[in-house]
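If you want the building blocks of each chain, they are given just below.
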Amino acid sequence: MGSEDNYSAKRHERSTPRPTGIIYRISAPFTFQEAETDDLGPLPTITNHRVSTVGDGEVRTRKISIGFDPTEAIPTVVNYDQLHTTRVRPTIEELISGEVKPEEAESAPVAAKKRGQLGWIRGVFLWSILNLWGVMLFLRIAWMNAQAGMGLFLVIVLIGSTIAILTSLSTSAISTNGEIGSGGTYYMISRSLGPEFGTAIGIIFTLANTVNVSLNLQGFAETVANLLGENGLYMVDRANDMRIIGVIALIALTLFTFCGMELASKLQSVFFVILLAAILNIFIGCWIPPNDAERARGFVGPSSQLFADNFKPAFQKNETFMSVFGVFFPSVTGILAGTSITGDLRDPSGAIPKGTIYAIIFTSISYIFVGWPTVAVTLRHASGNISDLIYLNHSSPHFPCEASATCTEGNIDNYDIMQVVAHFRWIIVCGIFAATLSTSLGCIVFAPKIFQAVCRDKILPGFKFFAKGYGRNDEPYRAYALGTVIAVAFLMPSDLNFISAIVSNFFLLTYALVNYATFNASFSRQPGWRPTFKYYNLWLSLATGIACLVIMFLIHWISAILSIALIVIVWICVYYLKPAANWGTSLEAGIFRNALVDALKLLHVQEHIKNYRPQILALTGLPPVRPALVYFANSICHSTGLLICGHVLIDESPQQRRTVQQETYKWLRRTHVKSFYDSIVAASFADGAKALIQTSGLGKMKPNILFMGYYRQWATKYAEGLTEEYVSVIRSAFENRLAVMILCAKEGFGISEAVNFDQLVLQNALTRVATEDNVLDRSGKAAERTIDNVTVEVKDVKNPEMLARIELSKRFEAGKKKIILGEIHVWWLYDDGGLGLLLPYLLTQSSPWRGCKLKVFCLPAKPKEDASEAPTEEQIKSNMRALLDKFRIEALDVVPVDLDIAPSAANMQWFQKIIEENTRERRKSVHSIIHDRRDPLNKHFSMVDLKEKTKRHIRLRDLLLEHSAKSALNVVTLPLPKKDQTAPLYMATLETLTADLPPTLLVRGTQENVLTYYC
């Protein structure tokens, strides 16, 4: 592989003899140095990138590669380490310019994350087996065989093992898709499904392991209490003795875990040997003939009749198949043990699949190996009295107590029946202790570490307290204390079967999400989804996840509802907190895939008037600087159409463009504006705006409306060129079949002087934004997140004009409690397809305009040639109301107006004045527009025609001042810029319709229908 050292100008001295052959030594810039060698003679020289070499008396010429720029970084592991905070490679701009900082040309070294030393056997296989061989192995396996029968028990084991194996396949796929951080299952799900699901399952899985501690210590305490009771020893009574023993064992195991994982893992190896001895002891004991005392307790030895009787189910005491399955399922809940201590594994991606699958297969066989022989030699019911043995015979092996339901022995009534069957009882007792204590020890270790990982991600406020680790091994002592309190609470019921149902549902819910995470990651076709474990199927993972949810309700529907409710509550809390977590989840990949698929589907959807939606390209510039324009456009498009905030940057660098884009999207999120942001670098405003008109959007999701703020400085002597550009953009929009909206407010819109955006961009560009998990600073300690460290704020200003603009933006901003009261006056004078009526209606459907009512102003329809008289005012109102009713648009009132009346002298003089003051060079032509009656000057555009239109606009101004001077908003049909009409004259026309009036929206559609009254 090429590296910078390959092209070094320094001569490297060899400590070993050089081999014979051809040797090149290159010096910068790309020339060979000559050096004497023992067997080659002088080294060759280079000319025009060709080198002549001598070897074995033969001269050969070959072309050599001069390589790439030595300042470029070569591929290394460090370059792709998310924990690495120092920049590891130069930027594109630096490479192009050739100005690369020396200290950044090479990858800076980073401290490697210290890994544990546990392999797949001690780290996963043993931990998983010892968690699978829990309290049920010796205390409930025989009872389950007796209740369900040996045949259905085999079905139960197969179902549980199948779910466990399929879930382990999903777990293996996720665990081999990259390095796994601390937190195990929580880490995998959170990085796959996002912080909402991740935090929820982290809490659920922590509770599952904590309650599993209580479950196993309950079995341990039950056995110890029985031993004490056999010798007549009691502290209080049997139930309270079990609670006391359980709490003492819990505290002792918790203190033991402080010694570290290495010692705990060695102790697990001892437990494993004890359990193997106990299982073997049971199997041997089944074939040793029982004595009378053992026969009286139900151990009668093997027989074909007994095997046939116990093979069939005999559910008693309100037990069912699903209740027995619920008791058994904790026996297959240890499959995630390896993922819970990933930080202590040497190679998590390789160890987890191998260790987990082997452990499931091994333990599933052991359940049959232990359960069947035990039940095949024991009765379901026995009295324990030797005198009752006279009632036993091979054809009918039953005790008299069975009829009266007073039996206390047998594999249904005595949970300790395996101690009776085993040849050496003390080995079984040790096995029970080993099974319960090993599982408890594992869960005590897992639960706090999982919860510590949840807390360190700082997703939920207030949990940071439990994130602190102590000592060399970063032990979560605070989380240990919390887990101890929860475990003690679940020790209080003293009911093994009740606790097992809760544990089962907690683990089933975890399994369901693990399977769904695998399905979602695979279904989304995320390029980053590249697991090295290939033996999984996305549809099988989905089916397994659904099966887990169904089984939850079949086992215990109340705890199933409570478990799901807990996940929903946590999910909602995290969703609304919106933590700054950027983990590249499969849900995010799925969103992109769904959006892409839907966008492609949209191409095949035929356009129809009923499906028309406003898709607005708003030339807002920098959105935080013109918030009123953004809020107004958002009120139209909110949950209805597409909004793109367009920004033309004049000769800005691409780096500045990226920074501005990032900060703009932060502002849009904070203000709850549902908009895209599109910027373009251009030489002028007109060039950039025209480019945005043609390129914005994707497929069918392209703008159909251009929205701009009114250019108030058009009349100043410095704005003639910009005025021409402004009007040319309007013309370009119509040429590209876009409707046009122009919003005018006497206050104006720009508040750049009052916004700290320059400071925000500068400071945020210099600050390292930590969005990845577990980001480290240079000292190796966890770094604090600095997301949104500077926000867009409006500074205190005293300028009255600026204060008025800020107040306008606050009025237009959407909010639940923000309502503008008043009327929206719709001057629907000319039919452009109905856009001038649809837009104000859409405004009234969202905040803050929902408190406004529509009032429609209209012109009389042109009379037909054969009509005897013009329509009356009432007929005009009636016709318009009928049309509005067909459109299902409610209007407060309809007001007919007449533009054929001569405008007022005052407004005629007003118009003449603004023209004379600001366009003196055009005074003559303007004078002729109003007063001259000469013939047209060219074929396209006549002065007479222009004169009449100008008078009608001035007349419209009279009506606006008369009727709409106090409205909340005016919506007026936008005059079209005629082909030969000058830009200043056109702007004067717009000034006529907007000056000295409330906020006014000028609208012109594309002459295509956007409204229909057909269903």
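A. Quick peek at the overall build of the chain. Secondary structure summary: the chain contains 33 helices and 15 strands in total. The 1015 residues of the chain split such that 51% are buried. Within the chain, counting contacts between residues at least 6 apart in sequence, those at least 24 apart form 78% of the total. Taken as a whole, the chain presents about 48,700 Å² of accessible surface, with 58% of it coming from carbon and sulfur.

B. Broad picture of the packing of aromatic side chains. Counting across every chain of the model gives 40 aromatic pairs. Between Phe-812 and Trp-849, the ring centres sit 5.4 Å apart and the planes meet at 50°, which makes this aromatic pair tilted. Residue Phe-812 is found in helix α27 (residues 800–812), and its partner Trp-849 is found in the loop between α28 (835–843) and β12 (852–858); the two are separated by 37 residues along the sequence. Accessibility expressed as a relative area gives 0% for Phe-812, which makes it buried. The rings of Phe-205, Phe-325, Phe-329, Phe-507 and Tyr-511 are connected pair by pair, giving a single aromatic cluster. A cation sits over an aromatic face here: Arg-593 above Phe-523, 4.6 Å from the ring centre. Sitting over the face of the ring of Tyr-1013, Lys-886 holds its NZ or CZ atom 4.8 Å from the ring centroid.

C. Geometry of a nonpolar patch on the surface. Residues Phe-553, Trp-557, Ile-558, Ile-561 and Leu-562 make up a contiguous nonpolar surface patch of about 520 Å² in total accessible area. The greatest single-element share of the nonpolar patch, amounting to four residues, is contributed by helix α20 (residues 557–577). Mapped onto the elements, Trp-557 comes out in helix α20. By relative accessible area, which is 54% here, Trp-557 ends up exposed.

D. The state of the cysteines, seen in detail. Inspection of the entire model under this criterion finds one disulfide. Across the disulfide from Cys-401 sits Cys-407; the S-S distance is 1.9 Å. Residues Cys-401 and Cys-407 are joined through a disulfide that is right-handed, its torsion about the S-S bond being 100°. Taken as a pair, Cys-401 and Cys-407 share a single burial class, namely buried.

E. Inspection of the pattern of salt bridges at higher detail. Taken as a whole, this structure holds 15 salt bridges when the rule is applied. A salt bridge links Lys-666 to Glu-663, with the nearest nitrogen and oxygen atoms 3.7 Å apart. Of the two residues, Lys-666 and Glu-663 both sit in helix α23 (residues 654–670), three residues apart, roughly one turn of that helix. We note that Lys-666, like Glu-663, is buried. Between Arg-805 and Glu-801 there is a salt bridge whose closest N-O contact spans 2.6 Å. A residue pair is termed a helical-turn pair when its members lie 3 or 4 positions apart in one helix, as Arg-805 and Glu-801 do in helix α27 at four residues. With relative accessibility at 13%, the residue Arg-805 sits in the buried group.

F. Seen up close, the side chain of Thr-1012. Assignment of secondary structure puts Thr-1012 in the segment after β15 (1000–1004). One polar contact links the side chain of Thr-1012 to the main-chain amide nitrogen of Tyr-1014, over a distance of 3.3 Å. Among all residues touching Thr-1012, those that are not within four sequence positions of it are Ile-609, Lys-610, Phe-887 and Arg-888.

G. Molecular detail of the nonpolar core. Grouped together as the largest cluster of nonpolar side chains are 129 residues, with contacts concentrated most on Phe-138, Met-144 and Tyr-367. The leading source of residues in this core is helix α6 (residues 195–230), at 15 residues. Contact partners of Tyr-367, with chain neighbours within four places excluded, come to Leu-132, Trp-133, Leu-137, Ile-141, Phe-153, Val-157, Phe-328, Ser-331 and Trp-372. Counting residues in hydrophobic clusters, the runner-up holds 57 residues, among them Ala-628, Trp-667, Tyr-677 and Cys-852.

H. Just the side chain of Ser-541, in detail. Among the secondary structure elements, Ser-541 is positioned in helix α19 (residues 538–555). A relative accessible area of 3% places Ser-541 in the buried class. Side-chain polar atoms of Ser-541 contact the side chain of Ser-170, separated by 2.9 Å. Each residue touching Ser-541, except ones within four places of it in the same chain, is listed here: Ser-170, Asn-515, Thr-518 and Phe-519.

I. Summary view of the sheet that holds strand β13 (residues 893–896). If you walk across this open sheet you meet the ten strands as β8-β7-β6-β9-β10-β15-β14-β11-β12-β13, and the pairing is mixed. The sheet terminates laterally at β8 (676–682) and β13, the two strands that pair on one side only. The average undirected angle you get between the axes of adjacent strands in this sheet is 20°. The pairing of strand β14 (residues 969–973) with β15 spans four bridges and is classified as parallel. Its bridge partner lying in β15, Thr-973 is registered against Val-1003. Its contacts with the sheet place helix α24 (residues 685–695) against β6 (615–619), β7 (642–650), β8 and β9 (705–709), and it is angled at close to 150° to β7.

J. Seen up close, helix α7 (residues 238–257). An ideal rise of 1.5 Å per residue puts 28 Å on 20 residues; α7 measures up with 29 Å between its terminal C-alpha atoms. Taken together, the buried residues of α7 touch α6, α16 (425–456) and α17 (477–491). Of the residues flanking the start of α7, the one acting as N-cap is Asp-237, its side-chain oxygen 3.2 Å from the backbone nitrogen of Ala-239.

K. Structural context of the packing of α19 against α20. At their nearest, the axes of α19 and α20 sit 5 Å apart, and the two run at 130° to each other. One way to sum up the angle between α19 and α20 is to call them oblique. Mapping the contact onto sequence places Met-552, Phe-553 and Ile-555 in α19 and Trp-557, Ala-560, Ile-561, Ser-563 and Ile-564 in α20.

L. Fine view of the environment of Gln-845. Summarising the element assignment, Gln-845 is placed in the loop between α28 and β12. Note on Gln-845: relative accessible area 45%, which makes it partly exposed. Along the sequence, Gln-845 and His-638 sit 207 residues apart, while their C-alpha atoms lie 9.2 Å from each other. Here Thr-844 takes part through its side chain, which lies 3.2 Å from a polar atom of the side chain of Gln-845.

Calculation criteria
- Residues numbered from 1 in each chain as written.
- Predicted model: local features only at pLDDT ≥ 70, side-chain atom pairs only at ≥ 80, totals over all residues.
- Heavy atoms only, no water.
- Helix = DSSP H or I, 4+ residues; strand = E, 2+ residues; numbered from the N terminus.
- Buried < 20%, exposed > 50% of the residue type's maximum accessible area, 1.4 Å probe, protein only.
- Contact = heavy atoms within 4.5 Å.
- Areas by Shrake-Rupley, 256 points an atom, 1.4 Å probe, with all protein chains shown as cover.
- Phe/Tyr/Trp six-rings, centres within 6.5 Å; stacked < 30°, edge-to-face > 60°.
- Lys NZ or Arg CZ within 6 Å of the ring centre and 35° of its normal.
- Patch = residues over 30% accessible without salt bridge, like charges linked within 9 Å, V, L, I, M, F, W, Y side chains within 5 Å.
- Salt bridge = Lys/Arg side-chain N within 4 Å of Asp/Glu carboxyl O.
- Disulfide = S-S within 2.5 Å.
- Polar contact = N/O pair within 3.5 Å; in protein donor to acceptor, adjacent residues only side chain to side chain.
- Core = buried A, V, L, I, M, F, W, Y, C linked by side-chain atoms within 4.5 Å.
- Pairing = 2+ DSSP bridges.
- Axes fitted to C-alpha atoms, helices over the stretch in contact; angles between N-to-C directions.
- Expected span 1.5 Å × (residues − 1).
- Parallel < 35°, antiparallel > 145°, perpendicular 65-115°, else oblique.

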